[in-house]
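Here are the chains, one letter per residue:
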Amino acid sequence: MGIKKKLYTSLIILIFSIVLLFPANLIFASDASANDALLIAQESEEIEYFDTERLIPYNECPYTFIIDVKDNFTRVEIQHYGEDGNRNKFGGWKAWLSVNGSPIYKWQSFTGGESRWYDYTDNSYYDDNPPNNYTDITDYINAGENTIEFYHYTEGAGSGIIVTVYYGDTGNGYSTGDEGTYQEEIPAEETSEDYTTEEDYSTLLQEEKESSARQEETAAVGAEDEEKLIFNFKSMFINPDNPGYVLGREIPGLTEENLKKYQGTILYKKLLGPADYITGSTSWEDVARLAVIESKVHYNYAQNLGYFKSLYNILSVFYIVQSFRESLQDIPKQFNTLKSVNSAKDLVKNKDTIIGLSSNLTGIYDELIGTDREGAANLGFPELDSKVMFVVGAVTSGGWSVLGDISKGLFIENAQYSINYEVKKAVLNSSLAYHAQKAHELAIKEKISSAEINEFFFHTRRVVTLKQLDMLLNIEDSISLWQENKDLMTNILNFFKIIDAEAALEADLQLYDEILYNYGQAENFLRSVMSDLGLQWQY
Amino acid sequence: MNNTFRPKEKKMKKILVPVLCIVLISLLSGLLFCGCSSEEKEITGEKLGEAIKEIDEEVKISRERVDELEKLEKEDFEIISPYDILELASLDYQYTSQEQTSENSFTIAADFIDGRRIMIIRFLNPGKIESFYLQFQSNLYSQGYTFDQRLRYSDLCNSFISQDESTKAYLLKKQNYFIALIK
C-alpha cells in the first residue's frame, strides 16, 4: 500500500507537471513561429490584394466580402472602384461599409450638389473629394478571415471593392502616396525591453503619455458617441419628419403621392385607411395600439364569418378518426384571451398565449397536411399556412425564423385557398403589437443602456418582418381566390357590382411589388442604422 | 492502519447503500414520470372539432326572417337541382337568369323584377365550399362590404352591408351550395 501510495503521488505530480508545462510550451512555440513569420515577411515586403473582381450592383447589397489575411500583416487599406476603374474612398449613393461588424464609413446626406460622408475610422466628415482615395482599416482587421459588408443604392453597374494588405512593411503609399499617415503609426510590438539607452526610455515614457492622452481622448469620443447614438435613436423612431423612419408614410420611396395612382384598390384602402399604421402612427405606442385593434377586428371576423364552425366541420367530418394532441383543446381559451385583450400593455402580459395559440394552430395544420396534403389544400389548409403560423410563433417567442421561405414567389405562384386568413392576420397582429409595445417601452426611457438599445432593435426588426408578412397575407387574400376560380370570381364580383375587378387585381399586384420593395428598403435602412450604432444585424 | 479503516468502510457502506438506493429509486420514478408526461394524450378530430365549436357558439344569432331563405331551409339540396332552388327563392316573382359552368362549379345568376338578385353556386368538390365561403367573405370585406350579422339559416349564413349602406347581401352555405342573395 505504501509503495502504491508513493506511485500514485508520483503519477499525480507527473500529470500536474505536464498540465502546467504544456501551455507554456505552446506559448513559446507560437511566439517563435510568429517571430519567424514576421521575419520572413519583413524580408519579403509582400503586398496582397483582395478584389471583388467585379462591380457589385445595388440589388446584391448588402454584399459580403470575406478576405483571409495572414498573421504578419502590418497595414490594410480599402478602396472602391467604378466602371471607369478609378479608385475612390467611398462606394456610391447611400453607401456604407463595415469590417467585422464595425462601421467604417457611411453616406450621410446630399446637399449643395455634394454627398456628405462620415468616416468612423477618424471620426470625420468628408465631401466627395476626401484627402485620400482609400481608408486605413488596419485596426479593424484580424489575422485570418475578415468579413467586409458593403451596401449602396446607385443605379448602374455598381461598385467594386479592393483591399490592399501589406506584410512586413507599412508600404509606401500605393494608394495615395500619403506617407505622413504611416509615419505617425507606432509599431504595436515594441516593449520596454527594446529600449536600451536612457534616451530610449524617455522616448517610451513620452509615448506612454501620448498613448494615455489618446486613450482619454478616445473615452471622450466614446461618451460623445454614446450621446449621439442615443440622440439618433430617440429621433429616429418614430419621427414623421425623419425621412427614414420605418413604419411611417415616408418609408423610403413610399409616399402618399406615389400611392395615389392606386386609389380605389384594396391595398390602397388598407394602407391609407383611417386606422392604418401607415397614416395612423406617430409613435411605437400607436403602432402597438393599432395592431391590437387590427388583431381584434380579425379575431372577431374569424369568429363571425364562421371560421370555427368550418373548422368544426372539417375536423369532425373529414378527419373524424384522425389523432390530434389533446392540448389543442386549449385553442378556445387562448383565442378568447387574445380576443378580449384591450391594450398593448395587456397583450405584453399575454405573450405566452400568442405563442401557445400560434403553436396549436400550427399543430392542427401540420396534422391535416401530414395526413393528406392534397385533401388538406382542398379544404383550405395549404402548406404555407403552417409555415406562416410557425413564423408568427417563432418571431413572438424571440427566435428568428426563415422568412425567406415565406417569399413573394411562394404567394404569387402558389397562392392557394386558405380558410385560415382571418386567424392568421389576427395572431400576426397580436405578435406585431407585442413587439411594438416592447419597442415603445424602451423608446420612452429617459436613460437607455446599450443593451436596451440592442433590445429595441430586436423588437423593431420583428415589427418590420411581421409587417412584410402582413402585406403578403393581404395579397394572398386578393389573388388566391382568383388563381383557382378566375371565371367564378369574375362572375361573382360582377354580381356584386364590383366592376373591373381584374384591373383592380393587376393594380394590387403592382402596388404590392412596390410595397415589398419599400419594406426591403426599410429593412436595409434599419440595418444601416444598426451598423451606425455598432450593433450586429444577425441576432 | 487497515483495522482502523475497516469499521469506517463498513460505516460508509451502511450509509452509502441506502443513499444509493434512494437515488436510484428517485431516478427510476423520475424517468417513469417523464415517460408518462412525454407520452401526450391524443384525441380524435371529432372531439377536437367539438372543443373548437365552443368558440363559434358564442356568436350572437339574429332572429331576422328572410323569406327566400325560409323557403330553402326545409329542402335537402342533395335531391333538388339549382333551378329548383332558384324557383323556390323567386317567391313567384319573374326573373331573368343565366348559367355558367367552370372547372369546380355550376352557377346560375338571376335578376328578379322586384330588384332582388340571387346567385346560386353548386360546388362539384365538397371540400372546396368551406374555404371558398370563408375566403370570399374576407375578400368582400376588403371590397367595402362590412359584416352585419349571423343568421340562423342552414350551415352558415351571414349578412353584409355595402359601404353606402344601399345594399344588403346574404351569404348562405348549405351542403355543396353557396348562395348569395342581394336585396
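Up top is the structure these notes are about.
Let us look at the structure shown here. (Residues numbered from 1 in each chain as written. Chains lettered and ligands numbered in written order. Predicted model: local features only at pLDDT ≥ 70, side-chain atom pairs only at ≥ 80, totals over all residues.)

Moving on: the overall build of chain A. A count of helices and strands for chain A gives 18 helices and twelve strands. Sorting the 539 residues of chain A into buried and exposed places 38% on the buried side. When contacts within chain A are restricted to residue pairs at least 6 apart in sequence, those whose partners lie at least 24 apart make up 74%. (Helix = DSSP H or I, 4+ residues; strand = E, 2+ residues; numbered from the N terminus. Buried ≥ 20, exposed ≤ 12 C-beta atoms within 10 Å, placed from the backbone. Contact = placed C-beta atoms within 7 Å.)

Moving on: the overall build of chain B. In terms of helices and strands, chain B carries five helices and nine strands. Beginning at the N terminus, the succession of helices and strands in chain B can be written as α-β-α-β-α-α-β-β-β-α-β-β-β-β. Counting all 183 residues of chain B, 32% fall into the buried class. The contacts of chain B with a sequence gap of at least 6 include a subset with a gap of at least 24, amounting to 39%.

This part is about the interface of chain A and chain B. Interfaces are frequently sized by the accessible area removed from exposure as the parts join. In this assembly, 49 residues from chain A lie in contact with 45 residues from chain B. No other element matches the eleven residues that helix α8 (residues 307-318) of chain A contributes to the side of chain A that touches chain B. Considered class by class, the residues forming the side of chain A that touches chain B number 27 nonpolar, 16 polar and six charged. Pairing between strand β12 (residues 323-325) of chain A and strand β1 (residues 42-44) of chain B: three bridges, direction antiparallel. Paired with R325 of chain A across the bridge in β1 of chain B is E42 of chain B. (Nonpolar A, V, L, I, M, F, W, Y, C, P; charged D, E, K, R; others polar. Pairing = 2+ DSSP bridges.)

So, about helix α9 (residues 331-339) of chain A. Taken together, the buried positions of α9 of chain A are occupied by I331, Q334, F335 and L338 of chain A. Considered in projection along α9 of chain A, the buried side chains sweep an arc of 100° and stay on one side of the axis. (Arc of directions from axis to C-beta.)

Turning our eyes to something else, we now look at the sheet that holds strand β7 (residues 156-161) of chain B. Spatial strand order, β2-β6-β7-β8-β9-β5-β4-β3 (chain B): eight strands in an open sheet with mixed pairing. Among the strands making up the open sheet, the edge pair consists of β2 (61-62) and β3 (95-101) of chain B.

All names here are of chain B. Across the seven residues of strand β5 (residues 117-123), six count as buried, placing the element largely inside the fold. In this sheet, β5 lies alongside strand β4 (residues 105-112) in antiparallel orientation, the contact comprising seven bridges. The residue bridging T107 from the neighbouring strand is I121, located in β5. Linking two consecutive strands that pair antiparallel, namely β4 and β5, is a turn of four residues; a positive phi of about 100° is found at G115 within it. Of the pairings in the sheet, the one linking β5 to strand β9 (residues 177-182) comprises six bridges and is antiparallel in character. Paired with I120 across the strands is I179, a residue of β9.

Attention now moves to the pairing of β9 of chain B. Residues and elements named next belong to chain B. Most of β9 sits out of view: five of its six residues are buried. Both strand β8 (residues 168-174) and β9 contribute to a ladder of six bridges, which runs antiparallel. Within β9, the residue paired with K173 across the bridge is F178. Between β8 and the antiparallel strand that follows it, β9, lie two residues; Q175 among them carries a positive phi value of about 50°.

Residue and element names in this part refer to chain A. Interhelical geometry of helix α13 (residues 383-397) versus helix α16 (residues 450-484) gives an angle of 165° and a closest axis separation of 11 Å. Classified by the angle their axes make, α13 and α16 are roughly antiparallel. Crossing geometry of α13 relative to α16 is assigned as left-handed. Across from V388, V391 and V395 in α13, the residues of α16 making contact are R462, T465, L466 and L469. Each residue belonging to the contact of α13 with α16 can be placed in one class, and the counts come to five nonpolar, one polar and one charged. (Axes fitted to C-alpha atoms, helices over the stretch in contact; angles between N-to-C directions. Parallel < 35°, antiparallel > 145°, perpendicular 65-115°, else oblique. Left-handed = near helix turned anticlockwise from the far one by under 90°.)

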